[in-house]
There are 2 protein chains.
Amino acid sequence: MGSLDSNYGTESPASVGQFKPLDPEEFRKQAHCIVDFIADYYKNIESYPVLSQVEPGYLHSRLPKTAPYRPESFESILKDVQNDIVPGMTHWLSPNFFAYFPSTVSSAAFVGEMLCTCFNSVGFNWLASPAATELEMVVMDWLANMLKLPKSFMFSGTGGGVIQGTSSEAILCTLIAARDRALEIIGIKNVNKLVVYGSDQTHSTYAKACKLAGIFPCNIRSIPTTADANFSMSAVLLPIDPLTSLADVANDYGVWFHVDAAYAGSACICPEFRHYLDGIERADSLSLSPHKWLLSYLDCCCLWVKSPSLLVKALSTDPEYLKNQPSESKSVVDFKDWQVGTGRRFKALRLWFVMRSYGVANLQSHIRTDVQMAKMFEGFVKSDTRFEILVPRVFSLVCFRLNTFSSSDPSDTETLNRKLLEWVNSTGRVYMTHTKVGGVYMLRFAVGATLTEERHVSAAWKLIKEGADVLLKGTDSIV
Amino acid sequence: MGSLDSNYGTESPASVGQFKPLDPEEFRKQAHCIVDFIADYYKNIESYPVLSQVEPGYLHSRLPKTAPYRPESFESILKDVQNDIVPGMTHWLSPNFFAYFPSTVSSAAFVGEMLCTCFNSVGFNWLASPAATELEMVVMDWLANMLKLPKSFMFSGTGGGVIQGTSSEAILCTLIAARDRALEIIGIKNVNKLVVYGSDQTHSTYAKACKLAGIFPCNIRSIPTTADANFSMSAVLLPIDPLTSLADVANDYGVWFHVDAAYAGSACICPEFRHYLDGIERADSLSLSPHKWLLSYLDCCCLWVKSPSLLVKALSTDPEYLKNQPSESKSVVDFKDWQVGTGRRFKALRLWFVMRSYGVANLQSHIRTDVQMAKMFEGFVKSDTRFEILVPRVFSLVCFRLNTFSSSDPSDTETLNRKLLEWVNSTGRVYMTHTKVGGVYMLRFAVGATLTEERHVSAAWKLIKEGADVLLKGTDSIV
């Protein structure tokens, strides 16, 4: 499995022979082989422990210290994938994965991604890849339409959208545009006066983006939320923040108003959930990650802005080697000026394949099925008096805990639930995670892995109950 | 090709039937089909114009305004890829692509990327994907070893490396770490005193990263370079900046010293080019993009740092929902703290497949072949007295121009070369680009697209000469 000889380059290069790393027939053979490997992996995925059971450092001892000098066979590499890599995977696509958030996928997105890789176009500007640029504009408008966003966010209106890698990048780009808009008014020397607001439930990536952008840490204001308000940024009971009242404040003070709907935003393609985006017409920007709940594989985060010119002003570069006539005539969009990096892949293919292969009807059905399964799990929890729901479920995440009614010390409850989580995850049959909201430790059951069916949710609940039985047997709790 | 009905959600969802977006057998069928599509594309790639000949807006008129409500067939989507997308591609993988930089690929990287997509692991921390984290550590050390980097950049020593998306991200992360190290000494209120230095040939992404990081634009110092010094940052004739003398200055003043070797760095796996990294042991960080010259497809940029703790200090987050025992025990690496985003893909697979499938021997041979072809092209240019080489070729980029000896006005030469470039690119048979260095307009011939062979370089030169013949026929130039 690889030579240990690191004294590279001592042999004559002539001995290597003609090297053709992209021979189409060799490509065809290997790629077909991997397709079967992957299809079999998906077929057998339930046979693996969901949470990897390896110890830190497991791989280091299995692999050579240096790259091989001579080629190794495709078969031997694939064997090592099966023997050395698969056991070290936490299987995000397992139907028994209920941790973090569902990172959903589909055959359509997979083949779209294969095509994206195939072309390997570096679409920094229109000329370097017209189809990549224009298809991205098309799919961003399609998705905006599915979400019933106002025309002010669409290319066919006065705005536009761009595919970023992750929410972190989308938020960073937006923040830079907002920062520069403000600095233009108050002057760069007053950068210390810029303040950003988010709820204390806002994703940690937000604080990181602020730090990257040079916002003074003392100026990152975290607005406290409470369980009474369902941890939204006001007293209104909503699972996502009430946009309209936030817009009132933002508009009054000339604040850039960004809505991050990375996970829940996808649900708004269903008419019954669309009201969560009410007020979006008053926001400056919106981000949503189809790699979370729109079957798109990582990484794919959609960012729409009302004023593309502010984004471009903040992020554009104009090096001589990229100058070209279409860009200079301003008749085209150059997406390098809408993101952090210069190079960019043809990610729109993935979304295009998903939307066309399934149609809006199936995508809505997919959201509804996940919500339905979460509702079912919520019902299970409610039916067992040893457990309690801690945050009302709205989409497909259920936050709950095992309660120890016999103890008045809240740390006992936390300890018990930590033990339950550990017990469940160590079986390898289910993986879920925890969080703390308002200081309260709770278990998160995130339904929606692409392969999850009702039977997996039922089996997971059975396992959780089994864990509770085991743990409570050793305590004084009243069951 | 798609419904125009945007009144989604009015039909009963029940009519859609059970939706299984990742049925393994459906996946197998579609993926095999795309493999053949892609293999055929690579086989026939020479039949397409290299630079797309479409007009801005070409795609908009061909596609529906909204996503379809009902699913469309895989076959019809694939037909549209061929008819609507392929004509809008600038074919970066064409053997006749000599523009920008070669973005090299391989069968091994392709299948590695397929596996990365397959697992769809979100490796923000070790626990969420142990294999992804540990394989990344292994391949970063392997590549460091191939480059003969000192142990201070390796996990097996005192440093470490991480795979970023692009150089832009690598530079931004490094800059944030450098900024925060300095701010800790001088205090955040003195952010206006931070100064960064780069040569006037430094990539535009560098200035953008500075802007993102909140460095005051007036503090971005561009050090002038000259043709006499081959546009390096000193008077020594080197194709990349002389690291040792720069290190002297940086070390004297406590400046963070970053080396961006995005393109040329890969050549340093060959002993005969390694001396360009002499002095690297005195740098703080190094970035290199295997997606440029190490057959890895986009996007893959390797960043090594001597002090991972400074990077982590600047970029770490610690949200409750990601807390876990291995991270808290500090026994593992959590790569989310080495990058901008939180989520990250299993990119190490691609590099692992490339290094093992080909071995160091073939990778060295691949670099040498490209350099050899560029040398050949340089010879062609030198053999024709109408042309001149403007920057001595060192790796596989040739900068040259057609000269108009008859005119004393330099703008005449620029105009002539602009016309030549336009003439060549409009044939669709070759694509190359231009740049300006020290105010001088020149043509760039970047050799090294994966499928390029000597015959393509010869044919390109023949075409360029033909263009010169046509253009000079209409002028008074002495030929």
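Residues numbered from 1 in each chain as written. Chains lettered and ligands numbered in written order. Predicted model: local features only at pLDDT ≥ 70, side-chain atom pairs only at ≥ 80, totals over all residues. Heavy atoms only, no water.

1. Quick look at the overall build of chain A
Note the threshold: Helix and strand assignments follow DSSP, with helices taken as H or I runs no shorter than four residues and strands as E runs no shorter than two, numbered in order from the N terminus. Computation of the radius of gyration draws on C-alpha atoms alone. For the globule rule, the value is 2.2 Å times the number of residues to the power 0.38. Exposure classes here rest on a 1.4 Å probe applied to the protein chains alone. A residue is buried below 20% of its type maximum, exposed above 50%, and partly exposed in between. Contacts between residues were defined by any pair of non-hydrogen atoms, one from each residue, lying within 4.5 Å. Values of accessible area rely on a 1.4 Å probe in the Shrake-Rupley scheme; residue burial ignores everything except the protein chains shown. Asp and Glu are treated as the negative residues and Lys and Arg as the positive ones, with His and the ends of the chain left uncounted. We put the charge of a Lys on NZ, of an Arg on CZ, of an Asp on CG and of a Glu on CD.
A count of helices and strands for chain A gives 13 helices and 10 strands. At 25 Å, chain A has a C-alpha radius of gyration in line with the 23 Å of a compact globule built from 479 residues. Seen through its principal axes, chain A has C-alpha atoms that stretch 75 × 65 × 45 Å. Every one of the 479 residues in chain A was classed for burial, and the buried ones make up 64%. Taking the intrachain contacts of chain A between residues at least 6 apart in sequence as the baseline, contacts between residues at least 24 apart amount to 72%. Only carbon and sulfur atoms are counted for the fraction: they give 53% of the accessible area of chain A, which is about 17,000 Å². Of the side chains in chain A, 45 bear a positive and 49 a negative charge, and the two mean positions are spaced by 2 Å.

2. With respect to a nonpolar patch on the surface
Residues and elements named next belong to chain A. Worth spelling out the cut-off: Residues enter patches when they are more than 30% accessible in relative terms and free of salt bridges; like-charged ones are connected within 9 Å and nonpolar ones (Val, Leu, Ile, Met, Phe, Trp, Tyr) within 5 Å. Only one rule defines a salt bridge in this text: a Lys or Arg side-chain nitrogen within 4 Å of an Asp or Glu carboxyl oxygen.
The grouping of Val 249, Tyr 253 and Val 255 at the surface amounts to a nonpolar patch, some 320 Å² of accessible area in total. Here Tyr 253 shows up in helix α7 (residues 243-253). For Tyr 253, a relative accessible area of 66% translates into the label exposed.

3. A word on the relation of the copies chain B and chain A
Heads up, the rule is: A residue counts toward the fit only if its pLDDT is at least 70 in both copies, and the copies are then superposed by least squares on the C-alpha atoms of those residues.
With an RMSD of 0.0 Å, chain B superimposes on chain A once it is rotated by 180° and translated 0.0 Å along the axis. With respect to symmetry, the two chain copies, as superposed, fit the operation of a two-fold axis. Comparing interface residues between copies, 100% of those in chain B also sit at the interface in chain A, which points to an isologous, same-surface contact.

4. Overview of the UniProt feature "modified residue: N6-(pyridoxal phosphate)lysine" (unreviewed entry) in chain A
All names here are of chain A. Counted only if it meets this: UniProt positions are given in the numbering used here, feature names are shortened, and annotations may be inferred rather than shown by experiment.
In the UniProt entry, the feature "modified residue: N6-(pyridoxal phosphate)lysine" (unreviewed entry) is given for Lys 292. Within the fold, Lys 292 resides in helix α8 (residues 290-293). Setting aside chain neighbours within four positions, we find Lys 292 in contact with Phe 101, Pro 102, Ser 103, Thr 104, Ala 262 and Tyr 263.

5. Quick notes on the packing of aromatic side chains
The test is simple: Planes of paired rings set the category: under 30 degrees apart is stacked, over 60 is edge-to-face and the rest tilted, where pairs are Phe, Tyr or Trp rings (Trp by its six-membered ring) whose centres lie within 6.5 Å. Look at NZ for Lys and CZ for Arg. If either is within 6 Å of the ring centre and within 35 degrees of the ring normal, a charge sits over the ring.
For the coordinates displayed, the defined rule picks out 64 aromatic pairs over all chains. Taking the centre distance of 5.4 Å and the plane angle of 70° together, the rings of Phe 377 of chain B and Phe 400 of chain B count as edge-to-face. Of the two residues, Phe 377 of chain B sits in helix α11 (residues 348-383) while Phe 400 of chain B sits in strand β8 (residues 397-402), which places them 23 residues apart along the sequence. Across this residue pair, the class does not change: Phe 377 of chain B and Phe 400 of chain B are buried. Within the aromatic cluster, the residues linked to one another by ring pairs are Phe 27, Phe 119 and Phe 346 of chain A together with Tyr 41, Tyr 42, Tyr 48, Phe 110 and Tyr 297 of chain B. If you follow Lys 292 of chain A out to its NZ or CZ, it ends over the ring of Phe 101 of chain A, 4.3 Å from the centre.

6. Description of the nonpolar core
Put simply, the rule is: Among buried residues, the Ala, Val, Leu, Ile, Met, Phe, Trp, Tyr and Cys ones that are joined through side-chain atoms within 4.5 Å form a nonpolar core.
Residues Tyr 100 of chain A together with Tyr 100 of chain B are the most contacted members of the largest nonpolar core, which totals 225 residues. Here Tyr 100 of chain B is in contact with Phe 124, Asn 125, Leu 127, Ala 128, Tyr 321 and Leu 322 of chain A together with Trp 92, Tyr 431, Thr 433, Arg 444 and Ala 446 of chain B, once residues within four sequence places are set aside. Of all hydrophobic cores here, the second largest spans 62 residues; its members include Tyr 206 of chain A together with Leu 303, Leu 311 and Phe 335 of chain B.

7. Details of the packing of helix α11 (residues 348-383) of chain A against helix α2 (residues 74-85) of chain B
When two helices pack together, their arrangement is given by the angle between their axes and by how far apart the axes lie. In plain terms, the rule: Here, axes are lines fitted to C-alpha atoms. For helices the fit covers the stretch in contact, and angles between N-to-C directions go from 0 to 180 degrees. Here is the rule for angles: anything less than 35 degrees is roughly parallel, anything more than 145 is roughly antiparallel, 65 through 115 is roughly perpendicular, and the remaining ranges are oblique. In this scheme the crossing of two helices becomes right-handed for a clockwise turn of the near helix relative to the far one and left-handed for an anticlockwise turn of less than a right angle. Residues are grouped as follows: Ala, Val, Leu, Ile, Met, Phe, Trp, Tyr, Cys and Pro are nonpolar; Asp, Glu, Lys and Arg are charged; every other residue, Gly included, is polar.
For the pair α11 of chain A and α2 of chain B, the least separation of the axes is 10 Å and the interaxial angle reads 140°. The angle between α11 of chain A and α2 of chain B falls in the class oblique. Between α11 of chain A and α2 of chain B lies a crossing of right-handed hand. Of the residues in α2 of chain B, those in contact with Trp 352, Phe 353, Arg 356 and Ser 357 of chain A of α11 of chain A are Phe 74, Ser 76, Ile 77, Leu 78, Asp 80, Val 81 and Ile 85 of chain B. Split into classes, the residues belonging to the contact of α11 of chain A with α2 of chain B amount to 7 nonpolar, 2 polar and 2 charged.

8. What about the interface of chain B and chain A?
As a reminder of what qualifies: As used here, buried area is the combined drop in accessible area, with a 1.4 Å probe, of two parts when they are placed together. As used in this structure description, the phrase polar contact means that two N or O atoms lie within 3.5 Å; if the pair is within protein, one of them must be able to donate a hydrogen and the other to accept it, and residues adjacent in sequence are counted only when both atoms belong to side chains.
Facing the 161 residues of chain B at the interface are 161 residues of chain A. With both chains or domains summed, chain B and chain A bury close to 14,500 Å², and 67% of this area falls on carbon and sulfur atoms. Its largest share of buried area at the contact with chain A, chain B owes to Leu 22, Tyr 321 and Arg 356 of chain B, together 6% of the area lost on that side. If you look at where chain B meets chain A, you find 16 salt bridges. Salt-bridge contacts for Lys 211 of chain A lead to Asp 180 of chain B; the nearest nitrogen and oxygen are separated by 3.3 Å. Connecting chain B to chain A are 66 residue pairs in polar contact (both at pLDDT 80 or more). Looking at the side of chain B that touches chain A element by element, the count peaks at 18 residues for helix α1 (residues 24-44) of chain B.

9. Structural notes on the pairing of strand β5 (residues 285-288) of chain A
Residues and elements named next belong to chain A. This is how it is decided: Only when DSSP finds a minimum of two bridges between them are two strands counted as paired.
Burial along β5 is two-sided: the residues Ser 285 and Ser 287 and Leu 286 and Leu 288 are all buried. Where strand β4 (residues 258-260) lies against β5, 3 bridges are found, and the strand directions are parallel. Of the residues in β5, the one forming a bridge with His 258 is Ser 285. Inspection of the sheet shows β5 paired to strand β6 (residues 301-305) by 4 bridges, in the antiparallel sense. Opposite Leu 286, over in β6, you have Trp 304 as the bridge partner.

10. Here we look at the pairing of strand β10 (residues 440-446) of chain A
All names here are of chain A. The element β10 is largely enclosed, with a buried count of 6 among its 7 residues. Two elements, strand β8 (residues 397-402) and β10, share 4 bridges in a ladder whose sense is antiparallel. If you follow Leu 397 over to β10, its bridge partner there is Ala 446. Direction of pairing for strand β9 (residues 433-437) relative to β10: antiparallel, over a ladder of 5 bridges. Note that in β10 the partner of Lys 436 across the bridge is Tyr 441. Connecting the antiparallel pair β9 and β10 is a turn made up of 2 residues, with Gly 438 showing a positive phi of about 55°.

11. Focus on the environment of Ile 389 of chain A
Residue position: Ile 389 of chain A is located in strand β7 (residues 387-391). Between the C-alpha atoms of Ile 389 of chain A and Met 442 of chain A, which are 53 residues apart in sequence, the distance is 9.1 Å.

12. Details of the packing of helix α5 (residues 167-186) of chain B against helix α6 (residues 204-212) of chain B
All names here are of chain B. Remark: α5 packs on α6, axes separated minimally by 9 Å, with the N-to-C direction vectors making an angle of 45°. The pairing of α5 with α6 is recorded here as oblique in orientation. Like other packed secondary-structure pairs, α5 and α6 cross with a definite hand, here right-handed. Facing α5, whose interface residues are Ser 168, Ile 171, Leu 172 and Leu 175, α6 presents Thr 205, Tyr 206, Ala 209, Cys 210 and Leu 212. For the contact of α5 with α6, the residue count by class is 7 nonpolar, 2 polar and no charged.

13. Overview of the environment of Leu 246 of chain A
Structurally, Leu 246 of chain A is set in helix α7. Along the sequence, Leu 246 of chain A and Phe 257 of chain A sit 11 residues apart, while their C-alpha atoms lie 8.2 Å from each other.

14. Re the sheet that holds β8 of chain A
All names here are of chain A. In space, the 4 strands of this open sheet follow the order β7-β8-β10-β9, with antiparallel pairing throughout. Edge strands, defined here as strands with exactly one partner in the open sheet, are β7 and β9. When strand polarity is set aside, the average angle formed by the axes of neighbouring strands in this sheet is 45°. Along the sheet, helix α12 (residues 410-426) contacts β7, β8, β9 and β10; its crossing angle with β10, the most-contacted strand, is approximately 30°.

15. Considerations on α7 of chain A
Residues and elements named next belong to chain A. Under the convention used in this document: As used here, the arc belongs to the directions running from the helix axis to the C-beta atoms.
Buried residues of α7: Leu 243, Leu 246, Ala 247 and Ala 250, and no others. With its buried residues spanning 105° around the axis, α7 presents them on a single face. At its buried positions, α7 is contacted by β4. Looking one or two places after α7, you find Gly 254, whose phi comes out positive at around 65°.

16. Here we look at the pattern of salt bridges
Scanning the entire structure with this criterion turns up 62 salt bridges over all chains. Arg 28 of chain A serves as the salt-bridge partner of Glu 25 of chain A, at 2.9 Å between the closest nitrogen and oxygen. One end of the pair is Glu 25 of chain A and the other is Arg 28 of chain A, both in helix α1 (residues 24-44) and 3 residues apart, which spans about a single turn. The partly exposed category is assigned to Glu 25 of chain A, whose relative accessible area is 39%. Members of the salt-bridge network, linked through shared partners, are Glu 113, Arg 345 and Arg 350 of chain A together with Glu 113, Arg 345 and Arg 350 of chain B.

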